[in-house]
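The primary structure of each chain is shown beneath.
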Amino acid sequence: MNIRKLASGNYQIRETRNGKQYSVTIDHKPKKYEAAQLIEDEVDRKNRPEMITVGDAMQRYIDIKENVIAPSTIRGYTHYIQRYPDKFKDKDLYALSLEDIQALVNHFAYMYSGKYVHNLYGLLSASLRLFRPELNIDSITLPKIVRRPAYVPVDDDVKKLLAVIEGTEYEIPIALAAFGMRRSEICALTIDDLHDGYIVVNKTLVENKEGKWILNRTNNKSEERKVYIPKSLENKIREKGYIFEYTPSSFTRGMRKLLKEAGMPHFTPHKLRHYYASISHALGVPDVYIMQTGGWKTDHVMKSVYRHALSDKIEEMDAPILSHFESLTK
C-alpha cells in the first residue's frame, strides 16, 4: 500500500491487487488502519455487481421463475410485491442490511396477519437467496402464525348439502370435492377425463399473473392420479355430458349462495377436502391411499391440517376404548 501527499494538499492511497490498481483520495493524512479500510471499501465498490434495487431483484426473481412454478404462485408474488413500501423497494440491494429487513418485517407485522407476513417475506427471502446468497437472513424473526381450528363438515352437513344441490350445476362439482378433489382440478375436467369408475386428474384451471384463467397441464405422467367415484355419479356426468363449465371463483361463490339459502354453516369447496381426508382416516383408510387419491405429495400437510377428528365420529371411535376400560373395573 502506498500513501502520498498530492500538490493539492490531499492524500492519495494506492494499492495493487491481482494486477488491478485501487486508489482513494482524502483530505487528511490517514492512519494505517484507516487507509486499509478505505482501500477495502474501494475494492468492494469496484467489484460489486451492477446496481440493482430490492424491487428490481424481487421482480427479476419472479421473471426468472415464471416458467418453472405455478401461475397462481406467480400471480401471488406479483400481488405481494405491490405491498412493499416504495422506500424499501428503492434501496440498493447490496447495501441492504439485516436491520433494514427486520424493520420491514416489524412494519408488516403491525399491518397484517402472521400468515400473510410469512407469505410477503417469502418473496423477499427467496430473492435474497438468489441474488445475495452471502447475506445470512436466518436471524430474521417473523411473527407467529396463529392457526384457527378449521371447520370440517360432518356427515350430516354433507348429506344435507348433497340434497340441496341435487339437480343444480353444482351437484357434480361438489360431489367431486367431497372425494378430495381441488376446485382448480374440478374446473379443468372434461368428459374425456371420465373413465369406467374413475376420473383422471392431470390439469388445473388457474389464474395467470394477468388475471386470466388458463389450463395448467401436468407434464409428467407420474403426477397424474385416479379418483374413483360411485357409478351413480359417473352416470350423472355421462347423462349431462360435461362436469362443470365455470371458474374456481364462480364455484366458491355459487356454493356460498347455496349454503346461505339452505341455512347451513358456511364452508368453502376446499373444506370438503378436509372432510374427505378426515372421514377416510376415521374409516381406517391407510394414509398412503388418502395421499394418493387427494394428491398430497407428503403426509405433513395432510396430518397437520386435514387429519381432524369429526365431531359426529368421536363417540363412535371412543366406544371400543370405553368398553375396554369398563371391563377392567368389573
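Before reading further, recall that the structure is shown in the block above.
Now for a look at the structure at hand. Keep in mind the model is a prediction, meaning the values are calculated, not measured. (Residues numbered from 1 in each chain as written. Predicted model: local features only at pLDDT ≥ 70, side-chain atom pairs only at ≥ 80, totals over all residues. Heavy atoms only, no water.)

A look at the packing of aromatic side chains
Here's step 1: Per the counting criterion, the structure on display carries eleven aromatic pairs.
Here's step 2: Between Y112 and Y116, the aromatic rings sit 5.0 Å apart at their centres with planes inclined by 70 degrees, giving edge-to-face as the arrangement.
Here's step 3: Both rings, one in Y170 and one in F244, keep their centres 5.6 Å apart while their planes meet at 50 degrees; by these two values the pair is tilted. Taken as a pair, Y170 in the loop between helix 7 (155–165) and helix 8 (171–177) and F244 in the loop between helix 10 (231–240) and helix 11 (248–261) lie far apart in primary sequence, 74 residues in all.
Here's step 4: Exposure remark for Y170: the relative accessible area of 18% places this residue in the buried category.
Here's step 5: Exposure remark for F244: the relative accessible area of 3% places this residue in the buried category. (Phe/Tyr/Trp six-rings, centres within 6.5 Å; stacked < 30°, edge-to-face > 60°. Helix = DSSP H or I, 4+ residues; strand = E, 2+ residues; numbered from the N terminus. Buried < 20%, exposed > 50% of the residue type's maximum accessible area, 1.4 Å probe, protein only.)

Regarding the nonpolar core
Here's step 1: Counting 33 residues, the largest nonpolar core has L161, I174, L176, I199, I229, I237 and I243 as the members making the most contacts within it.
Here's step 2: Contributing elements (two or more residues each) for this core: helix 7, helix 8, helix 9 (183–188), strand 5 (198–201), helix 10, helix 11 and helix 12 (271–282).
Here's step 3: Among the elements that make up this core, the one with the highest residue count is helix 8 (five residues).
Here's step 4: One finds A57, Y77, L104 and V105 within the second-largest nonpolar core, a separate group that totals 30 residues. (Core = buried A, V, L, I, M, F, W, Y, C linked by side-chain atoms within 4.5 Å.)

Quick notes on unusual backbone geometry
Here's step 1: Residue N18 is not a glycine yet carries a positive backbone phi of 50 degrees.
Here's step 2: Looking at the element boundaries, N18 is found in the loop between strand 2 (11–17) and strand 3 (20–26).
Here's step 3: Given a relative accessible area of 83%, N18 falls into the exposed group.

Brief notes about the pattern of salt bridges
Here's step 1: Following the criterion strictly, the structure yields 14 salt bridges and no others.
Here's step 2: Residue D193 pairs with K203 through a salt bridge whose shortest N-O separation is 2.7 Å. Here D193 is found in the loop between helix 9 and strand 4 (194–195), whereas its partner K203 is found in strand 6 (residues 203–207), with ten residues between them in sequence.
Here's step 3: Judged by its relative accessible area of 7%, K203 is buried.
Here's step 4: Close ionic contact of K231 with E234 constitutes a salt bridge, the shortest N to O distance being 3.4 Å. (Salt bridge = Lys/Arg side-chain N within 4 Å of Asp/Glu carboxyl O.)

Regarding the packing of helix 5 (residues 98–111) against helix 6 (residues 114–131)
Here's step 1: Remark: helix 5 packs on helix 6, axes separated minimally by 10 Å, with the N-to-C direction vectors making an angle of 160 degrees. As far as their axial angle goes, helix 6 and helix 5 are roughly antiparallel. Between helix 5 and helix 6 lies a crossing whose hand is right-handed. Facing I101, L104, V105, F108 and A109 of helix 5, the residues of helix 6 in contact are V117, L120, Y121, L124 and L128.
Here's step 2: Its residues assigned to classes, the contact of helix 5 with helix 6 comprises ten nonpolar, no polar and no charged. (Axes fitted to C-alpha atoms, helices over the stretch in contact; angles between N-to-C directions. Parallel < 35°, antiparallel > 145°, perpendicular 65-115°, else oblique. Left-handed = near helix turned anticlockwise from the far one by under 90°. Contact = heavy atoms within 4.5 Å. Nonpolar A, V, L, I, M, F, W, Y, C, P; charged D, E, K, R; others polar.)

In short, geometric facts, not functional conclusions.
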